[in-house]
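These are the residues of each chain, in order.
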Amino acid sequence: MSRKIFDFLAKELTNLESQKLYKHERIIESPQGAEITVKGQKVLNFCANNYLGLSSHPVLIEAAHQGIDHRGFGLSSVRFICGTQDRHKLLEKKIAEFVGLEDAILFSSCFDANGAVFEPLFTEEDAIITDALNHASIIDGIRLAKAQRWIYKHNDMRDVEEEDASTGKMAKGLERCLKEANAAGIRFKVIATDGVFSMDGDIANLKAICDLADKYDALVMVDDSHATGFIGKTGRGTHEYNDVMGRIDIITTTFGKALGGASGGAVISRKEVVEWLRNKGRPYLFSNTVAPAVVEATIQAIDLLTSTTELRDKLENNTRIFRKALTDAGFDILPGEHPITPIMFRKYENSSKVAVDFADKLLENGIYVIAFSFPVVPKGKDRIRVQLSAAHELEHIDKAINAFIKVGKEMNLI
Ligand SMILES: *Cc1c(COP(=O)(O)O)cnc(C)c1O
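Every residue gets a number counted from 1 within its own chain, in the order that chain's sequence is written. Local features in this predicted model are restricted to residues whose pLDDT is 70 or higher, and side-chain atom pairs enter the listing and the counts only when it is 80 or higher, whereas totals over whole chains, interfaces and linings include all residues. Calculated side-chain values reflect all of the structure's heavy atoms, with hydrogen atoms and water omitted.

### What to know about the overall build of the protein
Numbering of helices and strands runs from the N terminus, with a helix taken as a DSSP run of H or I at least four residues long and a strand as a DSSP run of E at least two residues long. Along its length, the protein carries 15 helices and 18 strands. Computation of the radius of gyration draws on C-alpha atoms alone. For the globule rule, the value is 2.2 Å times the number of residues to the power 0.38. Compactness check: the protein gives a C-alpha radius of gyration of 22 Å against a globular reference of 22 Å for 414 residues, within 12% of the reference. Counting only C-alpha atoms and orienting by the principal axes, one finds that the protein spans roughly 60 × 60 × 60 Å. Here's how the labels work: a residue is buried when its accessible area is under 20% of the maximum for its type, exposed when over 50%, partly exposed in between, all with a 1.4 Å probe on protein chains only. Expressed as a percentage of its 414 residues, the buried residues of the protein come to 49%. For the protein, the proportion of contacts with a sequence separation of at least 24, taken over those separated by at least 6, is 67%. Areas reported here follow the Shrake-Rupley algorithm with a probe of radius 1.4 Å; residue values treat only the protein chains shown as occluding. In the form shown here, the protein has an accessible surface area of approximately 19800 Å², with 53% of it arising from carbon and sulfur atoms. Positive: Lys, Arg. Negative: Asp, Glu. His and the chain ends are not part of the count. For the purpose of locating charges, the reference atoms are NZ of Lys, CZ of Arg, CG of Asp and CD of Glu. When the 52 basic and 58 acidic side-chain charges of the protein are each reduced to a single mean position, those positions are 3 Å apart. We call two residues in contact whenever any of their non-hydrogen atoms come within 4.5 Å of each other.

If you want it as structure tokens, here you go:
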């Protein structure tokens, strides 16, 4: 038996630790919510994807119980053998209607949805044109496809190729990529983008992307994991926000964030695309079906969000209050409207230490947030990424604002 790799890994892990890159996990001893228990201490959680407060919502918990009572715990099968219940079909119909497309296909996660969507649709003859800051699962999904690849500079719609000041490398805008793909005699083209980019909380310019897609005969694929359920007036997603409902060809999303936060995801598209993926999508054909409890609770989540915009409205209001208070207090906040609120430390030379110390001090003050440093974000762009939730009451938000101001003053940052 060879042992070389274990020694190698032990050394590499020590290296990670010494470079402060080791990912330590904090242990939570309570359900997910506005208030959680960490090491026996009650703290307010400001870093979950629990955007609508549905993770431990009584309506969803009851639905999950119903799912188990009426359809069992597990199905022990992939969908096409004996893993499709009536409720899976209903959930597919509901999520398709909710985002405004014809049909949907479920996956165990959005990571799997993105892993499934490109490879069966796009071959050597085709092109995938992708935003440089797309989520890891989009990048991996594209890697699985044999299609040709063009990467455009984040959110850059222009017909240019120029040196990117932040990397020193040449970078292209989206229109330049589309022109090059046309010149290369490509059969099908698809533009792939996150709806919301999770580090900065910025929303893709889908209006410009759809206009270019029309001009150059390309499809548009959007991953709306950080949007489905709450972005746009009725929470349908970034296509509603950007006023391009009906112009997006493929949407992928997760049930693991706003829609209850358990697990599961979907590809939502035209009938032909969904039918093709049911026949060809490898994470669909070779991985287990979504569990009945998750299916039932997600159906309830969608029904709830279809019947009222109360939760997304509350989240919007919470976000506005928090962003304004911290901006007024003198913090360096990336502007925007998304509940992802990045508090930047780029003014300080030792910005990663400042960000980490700040997060530690906030925890001492009962506020749980996480500092992000290189390589998760570019060097010098260290930050604390706050995420607001509809689970937060105004008193929670006030407590967080006061703690930020208190620690900011103690550390001479404001
Ligand atoms: C969270 C996230 C995913 C992964 O979703 P899971 O269902 O947890 O696998 C995929 N894409 C984006 C953009 C995400 O933010």
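Past the structure itself, the notes keep going.
### Some thoughts on the packing of aromatic side chains
Under the pairing criterion, centres of Phe, Tyr and Trp rings, with the six-membered ring standing for Trp, must be within 6.5 Å; the plane angle then separates stacked pairs below 30 degrees from edge-to-face pairs above 60, leaving the rest tilted. Tallying each qualifying case throughout the model produces 8 aromatic pairs. Ring centres of F331 and F358 lie 6.0 Å apart, and the angle between their planes is 85 degrees; on these two criteria the pair is classed as edge-to-face. A residue pair is termed long-range when its members are at least 10 positions apart, and F331 in the loop between helix 13 (310-328) and strand 14 (332-333) and F358 in helix 14 (residues 351-364) qualify at 27 residues. You can call F331 buried: its relative accessible area is 8%. F358 gets classed as buried once you look at its relative accessible area, which sits at 0%. Taking 5.6 Å as the distance between ring centres and 35 degrees as the angle between the ring planes, the aromatic pair formed by F358 and F404 counts as tilted.

### A short note on the nonpolar core
Where a protein is soluble and globular, its nonpolar side chains tend to be buried together. F322, F358 and F404 are the most contacted members of the largest nonpolar core, which has 87 residues in total. In terms of residue count, helix 12 (residues 292-307) provides more of this core than any other element does, 7 residues in total. What F322 contacts, discounting residues up to four positions off in sequence, is T341, I343, V386, L388, I397, A400, I401 and F404. Membership of the second largest hydrophobic core comes to 22 residues, among which are I105, A145, V190 and L277. Note on terminology: a nonpolar core comprises buried Ala, Val, Leu, Ile, Met, Phe, Trp, Tyr and Cys residues joined through side-chain atoms within 4.5 Å.

### As for the site of the ligand
Around the ligand sit 13 residues in total, of which C110, F111, D223, T254 and K257 are the nearest. A 3.5 Å cut-off defines polar contacts: any pair of N or O atoms within that distance qualifies, except that in protein one atom must be a possible hydrogen donor and the other a possible acceptor, and neighbouring residues in sequence count only when both atoms are side-chain atoms. A distance of 2.8 Å separates an oxygen atom of the ligand from a polar backbone atom of C110. Residue F111 places a main-chain N or O atom 3.0 Å away from an oxygen atom belonging to the ligand. Within the complex, the protein chains bury 83% of what would otherwise be the 390 Å² of accessible surface of the ligand. No other element matches helix 5 (residues 110-117), which puts 3 residues into the shell around the ligand. Three residue categories are used. Nonpolar comprises Ala, Val, Leu, Ile, Met, Phe, Trp, Tyr, Cys and Pro, charged comprises Asp, Glu, Lys and Arg, and polar comprises the others, including Gly. For the shell around the ligand, the per-class residue count stands at 2 nonpolar, 8 polar and 3 charged. Note on definitions. A residue lies near a molecule or strand when any single heavy atom of the residue is within 4 Å of it.

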